[in-house]
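So you can see what is in the structure, the chains are spelled out below.
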Amino acid sequence: MTLGRKYQNSSGNAGEARKVYANQSNVGTLSGCSSSLSLSEMIEPPDYEQMCEHVMGEGDPLAYPENDFEVLTIPRRIRTINHILPDEDLSKAPMFVRDCISSYTSDFTVVEYKYRAHSGSAIGRERLSERIEKLLSAPQHQYEVDAEQSTSTEELASQNFESQPSSGRQSVASISSSSSCNETLTPRGSWASLDLRSSSSDPLLPDLFEKKPPDQIDAINEAKRLENRQADLMGLYAPYLDEEEAVERRLAAELPAEMLGHRILVVCHQLKLELDVEPLFASMALYDAKEKRKLSENFYFNLNSECTRQMLSAHVPHADLSTLSRSAVFDIHNPTPDIFIVVRVEKVLQGDVNECVEPYIKDDKNREKVRAGAAAACARLGRYRMPLAWSAVSLLSVLSGAGDTPQDPPTPSPNTNSLDRKASGGSLEGLRRRAGEVGGSLSRKGSVERRAPPDDVLTHIDTFKPIAITVTSFFKQETDKLRDEDLYKFLAEIKRPSSAPKKLKCIPGTLKIEVSPAPDEIRNGLTPELAKLQPYGDENVRPCKEILPFPAGAGGGAAPHTHYRNLLFLSVRDINLTAYTARAGSARNITVRIQLMAGEEQSAALPNIFGRSSCPEFSTEAYTTVLYHNKNPSLYDEVKLKLPADLGDHHHLLFTFLHVACQRKPADHEKNVETPVGYSWLPLCRNGKLSSGEWALPVMSEAPPPNYSYIFPDVQLPGTRWIDNHRPLFNIALDPHTTVHPQDSFIERFAMACEAVIEGNIPPRIGLANMESELRTSMAELGCGAAEALARHLPVLADALLRLLTAPPALGPQPLNIAQDAFAALAHLFATVTNMNEGSTCDAHGRSGLVSAYITYQCRMPRPSARDAHVGLPLPPEALIDGSCKILHEEIALQWVVASGTTRDLAMHNSWALFELMVKSMGEYVWRSAGGGADTPRRARFPDHFTDDVAALVGNVTAEIIARYGKDSRLTQSLNNSLAFFLFDLLSLMDRGYVFNLIRTYHKQMCAKIASLPDAVPLVHYKLSFLRIVCSHEHYVSLCLPPPPLSPAAPPPTRPPASSASTTASEDGRRLATLSVDFRSRHYLAGLLLSDLAAALDLQSPVLQCAAVSALAGLLSAHDADPRLARPELRARVAQLYLPLLTIAMDVQPRLHRAAAAPKDILQLDGEMSQFGAFNPATTPEEFKQGGRAAFNSETSRNLVTCVVWVLRWAERGSLHACLQDLAPPRLYSFLQLIDLAFAAHEYKGRKEIMKCAQQNVRKTTDIKAKLEDVILGQGSARSDFIMRRKGGSSGRGGAGRERWRKEWVRGAARSRPASPARPLPALAQALAAEVALVLLHALEALVQASSGLEWGGVACGGALSVLVRALQRHQSTVVLQHMFATVRALILKLGWSCVSAERGPALCRVLLRHCAALAGVTRAHAAATLYALMRQHYHLGNNFSRVKMQVTMSLSSLVGTMASLSEESLRRALKTVLTYAEHDHDLAGTSFPEQVKDLVFNLHMILSDTVKMKEFQEDPEMLLDLMYRIARGYQHSPDLRLTWLSNMAQKHMERSNHAEAGMCLVHGAALVAEQLRARGRGAALLARVTHNALDESAPDPAIHHLGAIELQALLEHAAGELMAAGLYETVNELYKVLIPIAEDARDYKKLANIHGKLNEAFTRIEQLAGKRVFGAYFRVSFYGARFGDLSGEEYVYKEHALTKLPEIFSRLENFYGQRFGAENVVIIKDSNVVDVATLDPDKAYIQITYVEPYLEPHELRVRTTHYERNHNIKRFMYATPFTADGRAHGELAEQCKRKTILTTAHHFPYVKTRIQVVQRTTIILTPIEVAIEDIQKKIHELAAATGQEPPDSKMLQMVLQGCIGTTVNQGPLELAQVFLAPVVEGTQPATRLTNKLRLSFKDFSKKCHDALKKNKNLIGSEQREYQRELERNFARFTERLAPLIAPTATHAQHLAHGVTKTDYKFQA
């Protein structure tokens, strides 16, 4: 776990983590640190060597074994049959070469710890996977939560679950409309369509009626619980432990071996041109087109036929088998899409390449002539070659389609027709197409062609299926484009399809090769040195060659060499002999003869040049290719040479430049074919340094003079002649691949100095006087060499330094005093290698894998030669024969202690390596000095001066940690861990009491510093890490001196017998349960661990809490994984060491993490644990929080609880009983709370939830972690760097932009990166939850048994039942449930009446009924039996079980309303089972009990039948709530049950965010309670101002109930919250008017303050939202059609969320009923006209939807002045429908009428439902003039509102004005006046009351327009003046035309006097 993660507090989310980071006091504060870590608490450790003999006998299986380590010699693993060794005499080779060869051929010496595999430091992911596989093989547990409803019957049966048969549900039509409150309720009996008597029951438990004593029942239950249990509890939990937190993990070094990359095997089957007349010579190599470099050496192969090979018989005397190879293995260390396999083809030199190619390109008819010419050339020029053609195959194209791992061996394809490229299309197009496409180029052997994306193919380089490739043409080799640079351009063009290809001629031919992944074992394989690989088969079979990769640094350049290799590759670049002149002729056909010379005579030419193909294996000379008539050729030749081991100054390369006569002339047929034209040379070694790199050499025109080889050719010797005046004309490159030449000046200087001093070969240039200084300087500068070079030669260099450290050489009579220099050089060497490539080879501790492998395996420890007489420990001084060789570990300790300055810093930075080197030396010393054994007494193994040095060293390192922890966190963390591992190792070698004192020294120094600091989080964390590492020792249990067995193994007694043995066990148990001084001294390491745990938990630092608990969890996990502790009695003894953990956990129990309760839990019974009888609980979590003690985070809590569970699992029974008997009631409460939290922490969440959480964990925040980590460790810590490398980031030391060196290049890099934590498998989670539950159940029973005879035994028993009931509410496996129900039945017998107390009874009944509805038959059977046992026991107690009846009835009602997945068929079977028990209970057959049970069961069945129908309408929220409403109404006379159903309805509304309706459900519940309590003498009327519907809860007489003022307050507060969320702030005020007097009477001022704060918020919101509030939208919905059943013809008003538009409800209802009846059968009627049912299609479902608005009478409007009042408590709604007298919807103004329909609902909105049935309809008809009056009055209202708005809104005002008097709409009001007023003015129609009303309305309209214009004039700016004038002109025209129409006339008065009626008007119109 990264350190940042540890800082997350209890909630565990990123937001809280940010808060923690922002406030560092929560991150790293150590409040009370000094007091909790007092020096006075330092405990003296025991004298282990003395105590061990007395406490633990020889036969004790937990005793420390005598010999637990041995020194082994491991043969070096080599891939070849024999070691690769040079042919030369090694005595003449340099000492460094001899040391290298000795290192490569020597075996490994290893100190093997026999039991180290059981150590916590060695248990890694590999062991964990084996452990998990073993755990998964156990029978799996079945959980109800994983049983999907859709699972088939067969699957359910196989899972021990029973399928649900169909319940025979009725159709929708059978349910009458249940919305009306006025209708008579249907009898419940008519709903119970399923007869209970016809149902089947589950099997009965046979022993339910048996009478047994409680002790016997407990013993039977315990015996059953112990069957088929998991022994590896922590193995189940191991995947949850964070691997990054496991600081004790120390990766074992890998056995050094040769590093291999991705290997592909290429087999060449055929190479021939279309014109097959001469031998061809091919070479193959890998090239990287992007990086522009060659990746491998050349593989030369020859596929010529026997007849063509005979053409060269004169020049090739014989062909060795190794040169006949046709298959090669290529190593690819870094696969990229740009790698190509390039094949070059050459032929025998014949002449101009253009002329030679013509017969191959064109169909030459005269083939015999061509053949004869070729034969002549072979006979004369057979040893010379010329380039001919080339081709390339993309590695990407080879791998494409290779995405599947091959399952079957490939079968040969009969024909492969691929890479087809015709000569006529001679270009790069075909090759480019081949590189980018697969379909036409590659044929998959034995399978159909498949393709894979390019990005993925490289990942299959080791698994692709073998593929056959056929090349059908080659590119002609242009003589001016032979260089590699030209090749890279061609390859780049192949990769770029868009670029224009350069024309190249193509030669028809065939090349067939097969590419496949190389097998692990190659038969007849040869290394690049031609050494035979194991296993080597038939000697006469063509071998397969391994091809050397270039350059070596790309693959394993940083890995130490493992075998001898001494190769040199010579690449010829170009020759320039244009200046050559000679009388014999010019140099045109130039070849270079290359020879490796050991002297200057021709006889000194060494046969060290590798042959190519079909030739001798080695030769003394090699020739370059010839370009015809080219004086300045550029070549691609590569010559491979084997360097001699004794390379000296006389070895050199000799180059002879030859002119080859290609054309035969008759006159000179006797002359030589070749003519020397020049000479050059290059010395290979000067001053021990091998020549390499690029060289430009001049060419001498005559043979070199004597002794030429000792000088370089760039020196112009006198009297010599050079071509072109000594200018460099010959360019070559030397590329050595050698493991004996370091090619680093610092290493070479050190090697030379060592050889000079040790062997006495002092160079004259240095001299004897300066030799010591030279040696010191070379050692000091050795670490400055190139890191890769130092790493490659690490074993040789380190061994040399160890020799100098322990056996310094002598230049005179006295040995040199260079020990400190050697020590510093060794530390510097380790530092350079460790820091190489930013520490990429390091593990999480900063340990380099290379250095670790060296120390473990390759280090050859210098040791003195002791005489036989001196065997024993410690070695006396006279045991050293010559007195010159010191003991390595003693010397390291001494030099380290006395070191200072830079040397000391280097040692501290590489402490881990020096410590491990000391430990290995000590191990070998003890083993060899004791005569091959380690049985010497530990106190006598090492001399006092060494133990003193070690003690001083430990003190110095601890002081260094303390001094620099705040300055260099990387160093101090590494030092701390290194010191811990050092003491860890010393426990296996030295006096263990002495090591304990070293541990105490460390602790004392650290605690003293911590106590003096206000904030020392890093130091405390270091101390915890230190102890975690030490305690991970494989013999930790033995080191802790575990107590002896408390009692002999025996069957568990039913009760601890009152014997002396029991008394002793109890006393021992009590002693072990406390963290006393005696405990901490006797069990030293365990005491330290638990003390530090208790101290860390007391600190305010989440990181320290998590670290301390993780340390303990990791240790317990190692115990479970240790096969030595497999026996239960041994585990019990180990568990004794951890008994104080119970006390520690109970102390911090209130701070344990508690998951936040979901909102839905408020209305259920699954709250926090109720009160336990007369307990006085300890400190609550809230009190802890108020006291500034933050809760632990979830990870810390879960780990701690798991550790407690482990202790409970294995603790010896007597000790556990003794611990529990001593608990006082408050501590008992804490223990029960701890058990309950353990149940919660390990609850199985279900397969889906586990997989979902696993995905979320991958996406955890990383930035916060990094910041928090820096708070503790700062930048640049080793673990931080390692973690950052895992994330792909860069180290804190390097720049963020640099690309990190590829870590996968180093062998073992994947090992150094721990695998990502294994995702917890669901099967593991199931097993873990089940095992934990059984352990906790056992603990509860142990508590009950331990307290049975005590004063508070009944209270403890009740508390245990409460915890058990809460556990039953969680997901448990079927097996665990059986045991839990057995325990519940036992507790029912012990508790009696208190089982069904008001606090405990409802939860118990509910949980039993919940499991009665289980799908698993066995769970259902046990639950039904337990329910019957509860009834039976309470009938025995009082001949009645009325309280059980009531609680069961209420529980069932609550259960069926809230459990969505309730199986009514299962519940019905369980009820039948209870009924069957009553019928078979012979003891109570003659009583009233069976009849009472029958009545109860049938009543429960009726309730169940009522709720069956709800299942059908889960997706129809309106119908579902109608049904719930109906059931709630059915419980009108049962307040408890009605309240339950109202709560269920509120829950459903909350899920849909219907806050107003949810609030109303709660208000109705509050009214119900108030009515039953007759609160304040008014009852439900108290809430009438909140909702008029509250009066529905009125009742004439109070019913029997269990309701009180607490319920009333809770309901009112919850309702206020919901109504606040709904925006009904005024109702909140009315609710609090009821609550305030209650709070005042109780003097609850805190609640009053809270209420008034809420009121303040509500009133503020009213003020802020004035004029902006919106309320619900209402719609009239009518249903028509038989498909709706009883809904057909019904009319409802639906309340939707605010701002819901008509199309939205259209879409919702259409989609819903479309899914139900089919979209084609649902029709939406979008008009509001009266529907004629007779015209509808009876097979379709019609829905009419109309928007309606609340309707209020004028007198109501005067009272309801606010927007809220006009939208609350409303039950009348109106919608308008336009029509004309002739039936049309719209017509002229004079005939346009309107119909207003007013609907009255059964209840007021808002209500407990979102739809209410319409109970009354009223229609009002408006005449045309009334419509006109209504329109004008509407505009008047708009004008008045816009004019009177404050602050004024000019835009709104102008918009309204534009609509009233704008030019475009001016005809609207005027037209109304013309139609209805003009006839009255003209006298054609009499005036009426309505015309006068219209006339007055127009006058008011005109005045309002004038006022609006006037106000607008004051609001506008200068830019709107013209707009204002236009409006005024429009208004003037409007008033001018309107004036005569609205002037009063005599006719008006006359008609008003006569009073014309509305009907009269109709006729007048």
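Residues numbered from 1 in each chain as written. Predicted model: local features only at pLDDT ≥ 70, side-chain atom pairs only at ≥ 80, totals over all residues. Heavy atoms only, no water.

### A short note on the overall build of the protein chain
The condition is simple: By definition, any uninterrupted DSSP run of H or I lasting at least four residues is a helix, any uninterrupted run of E lasting at least two residues is a strand, and each is numbered from the N terminus. In this scheme, a residue with accessible area under 20% of its type's maximum is buried, one over 50% is exposed, and one in between is partly exposed, where area comes from a 1.4 Å probe on protein chains only. The protein chains shown are the only cover counted for residues, whose accessible areas, like all others here, come from Shrake-Rupley with a 1.4 Å probe.
Scanning the protein chain for helices and strands turns up 69 helices and 33 strands. Within the protein chain, the proportion of its 1965 residues that are buried is 56%. As presented, the protein chain carries roughly 80400 Å² of accessible surface, and 51% of it is formed by carbon and sulfur atoms.

### With respect to the packing of helix 37 (residues 1140-1147) against helix 41 (residues 1225-1241)
How we decide: Geometry is summarised by axes, namely lines fitted to C-alpha atoms with helices restricted to the contacting stretch, and by angles between N-to-C directions that run from 0 to 180 degrees. The labels follow the angle: roughly parallel below 35 degrees, roughly antiparallel above 145, roughly perpendicular from 65 to 115, and oblique for the rest. In this description, contact between two residues means that some pair of their heavy atoms is separated by no more than 4.5 Å. In this classification, Asp, Glu, Lys and Arg are treated as charged, Ala, Val, Leu, Ile, Met, Phe, Trp, Tyr, Cys and Pro as nonpolar, and every other residue, Gly included, as polar.
Where helix 37 meets helix 41, the axes come as close as 9 Å, and the angle between the chain directions of the two elements is 90°. By the angle between their directions, the pair helix 37 and helix 41 is classed as roughly perpendicular. Contacts from T1143, A1145, M1146 and D1147 of helix 37 reach helix 41 at R1227, S1230, F1231 and L1234. The residue inventory of the contact of helix 37 with helix 41, partitioned by class, reads four nonpolar, two polar and two charged.

### As for the sheet that holds strand 19 (residues 622-623)
What counts is decided by this rule: Here the rule is simple: two strands pair whenever DSSP picks up at least two bridges between them.
The four strands are arranged 19-16-21-22 in an open sheet whose pairing can be described as antiparallel. Looking along the sheet, the strands with just one partner apiece sit at the ends: strand 19 and strand 22 (674-683). Across two bridges, the pairing between strand 16 (residues 590-597) and strand 19 is antiparallel. Residue pairing for strand 19: I594 is matched across the bridge by A622.

### Topic: the packing of aromatic side chains
Filter applied, for reference: The aromatic pairing rule takes the rings of Phe, Tyr and Trp, using the six-membered ring of Trp, and pairs them if the centres are within 6.5 Å, calling planes under 30 degrees apart stacked, those over 60 edge-to-face and the rest tilted.
Across all of its chains, the model carries 45 aromatic pairs by this definition. Each ring, one from Y1525 and one from Y1807, has its centre 5.9 Å from the other, and the planes form 70°; the classification is edge-to-face. Here the residue Y1525 occupies a position in helix 54 (residues 1517-1530), and Y1807 occupies one in the loop between strand 32 (1793-1805) and strand 33 (1811-1822), the gap between them amounting to 282 residues. With 5.7 Å between their ring centres and 80° between their planes, F1901 and F1934 make a pair best called edge-to-face. Placement of F1901 in helix 66 (residues 1889-1915) and of F1934 in helix 67 (residues 1921-1942) is noted, with a sequence separation of 33 residues between them.

### Some thoughts on helix 29 (residues 992-1011)
Which entries qualify depends on this criterion: The span one expects for a helix is its residue count, reduced by one, times 1.5 Å. For this analysis, a polar contact is any N or O atom pair within 3.5 Å, provided that within protein one partner can donate a hydrogen and the other can accept it, and provided that sequence-adjacent residues contribute only side-chain to side-chain pairs.
For helix 29, with 20 residues, the first-to-last C-alpha span of 28 Å sits near the 28 Å given by 1.5 Å per residue. The opening residue of helix 29, the one whose side-chain oxygen lies 3.0 Å from the backbone nitrogen of G993, is D991.

### Things to note about the pattern of salt bridges
Put simply, the rule is: Whenever Lys or Arg places a side-chain nitrogen within 4 Å of a carboxyl oxygen from Asp or Glu, that contact is recorded as a salt bridge.
Inspection of every chain in the model, using the stated rule, returns 95 salt bridges. A salt bridge links K362 to E358, with the nearest nitrogen and oxygen atoms 3.6 Å apart. For K362, a relative accessible area of 56% translates into the label exposed. Judged by its relative accessible area of 28%, E358 falls in the partly exposed class. The network of salt bridges with common partners includes R79, E258, R263, D331 and E546.

### Describing the nonpolar core
What counts here: Buried Ala, Val, Leu, Ile, Met, Phe, Trp, Tyr and Cys residues form a nonpolar core when they are joined through side-chain atoms within 4.5 Å.
With 369 residues, the main nonpolar core has Y1138 and L1583 as its most contacted residues. Of all the elements, helix 46 (residues 1322-1346) adds the most residues to this core, at 18 residues. Discounting chain neighbours no more than four positions away, the residues touching Y1138 are Y1036, L1090, L1112, L1115, L1116, H1119, W1206 and V1207. L275, A282, I339 and I507 belong to the second-largest nonpolar core, a separate cluster that totals 54 residues.

### Re the pairing of strand 28 (residues 1691-1696)
Within strand 28, six of the six residues are buried, leaving the element largely enclosed by the surrounding structure. Here strand 28 shows two buried faces, one formed by E1691, V1693 and K1695 and the other by Y1692, Y1694 and E1696. Where strand 27 (residues 1673-1680) lies against strand 28, six bridges are found, and the strand directions are antiparallel. Directly across from A1673, in strand 28, lies its bridge partner E1696.

### Description of the confidence of the model for the protein chain
Detailed conclusions should not be drawn from predicted coordinates in areas where pLDDT is low. Spelled out, the test is: The quantity called pLDDT is the predictor's confidence in a given residue, expressed from 0 to 100.
Across the protein chain, the average pLDDT comes to 81, with 81% of residues at 70 or higher. Confidence drops under a pLDDT of 50 for residues 867-871, and excluding neighbours within four residues, the segment shows ten contacts in the predicted structure. Across residues 1048-1065, confidence stays below pLDDT 50; counting only partners more than four residues off in sequence or on other chains, it has 15 contacts.

### Examining the side chain of E1691
Inspection of the secondary structure puts E1691 in strand 28. You can call E1691 buried: its relative accessible area is 13%. A polar side-chain atom of E1691 sits 2.5 Å from a polar atom in the side chain of R1817. Residues within four places of E1691 in sequence aside, it is in contact with R1676, V1677, S1678, L1799, Q1813, V1814 and R1817.

### Some points on unusual backbone geometry
Between Q534 and P535 the backbone carries a cis peptide bond, its omega angle lying at -15°. Residue placement: P535 occurs in the loop between strand 13 (525-526) and strand 14 (544-547). For the peptide bond that leads from F1805 to P1806, omega is -10°, which places it in the cis range. Structurally, P1806 is set in the loop between strand 32 and strand 33. Of note in this structure, N524 is not a glycine but carries a positive phi near 60°. Positionally, N524 belongs in the loop between strand 12 (506-517) and strand 13. Unusually for a residue other than glycine, N725 sits at a positive phi of about 60°. Here N725 lies in the loop between strand 25 (693-698) and strand 26 (728-738).

### Let's talk about the packing of helix 48 (residues 1374-1391) against helix 50 (residues 1417-1438)
Their axes nearest at 9 Å, the elements helix 48 and helix 50 cross at an angle of 5°. Viewed along their axes, helix 48 and helix 50 adopt a mutual orientation that is roughly parallel. Here T1374, L1377, Q1378, F1381, V1384, R1385, I1388 and L1389 of helix 48 lie close against helix 50, whose contacting residues are V1418, T1419, H1422, A1423, A1425, T1426, A1429, L1430 and Q1433. Split into classes, the residues belonging to the contact of helix 48 with helix 50 amount to ten nonpolar, six polar and one charged.

### Section: helix 5 (residues 48-55)
So the rule is basically this: Throughout, the arc means that of the directions going from the helix axis to the C-beta atoms.
Taken residue by residue, helix 5 has Y48, E49 and C52 as its buried positions. Along the axis of helix 5, the buried residues cluster in a sector spanning 95°; they form a single face. Residues of helix 5 that are buried make contact with helix 29 and helix 31 (1036-1039).

### Some thoughts on the environment of G525
Here G525 is to be found in strand 13. G525 sits twelve residues away from G537 along the chain, and the two C-alpha atoms are 8.9 Å apart. When near neighbours in sequence (up to four residues on either side) are disregarded, G525 contacts A531, K532, L533, Y536 and C544.

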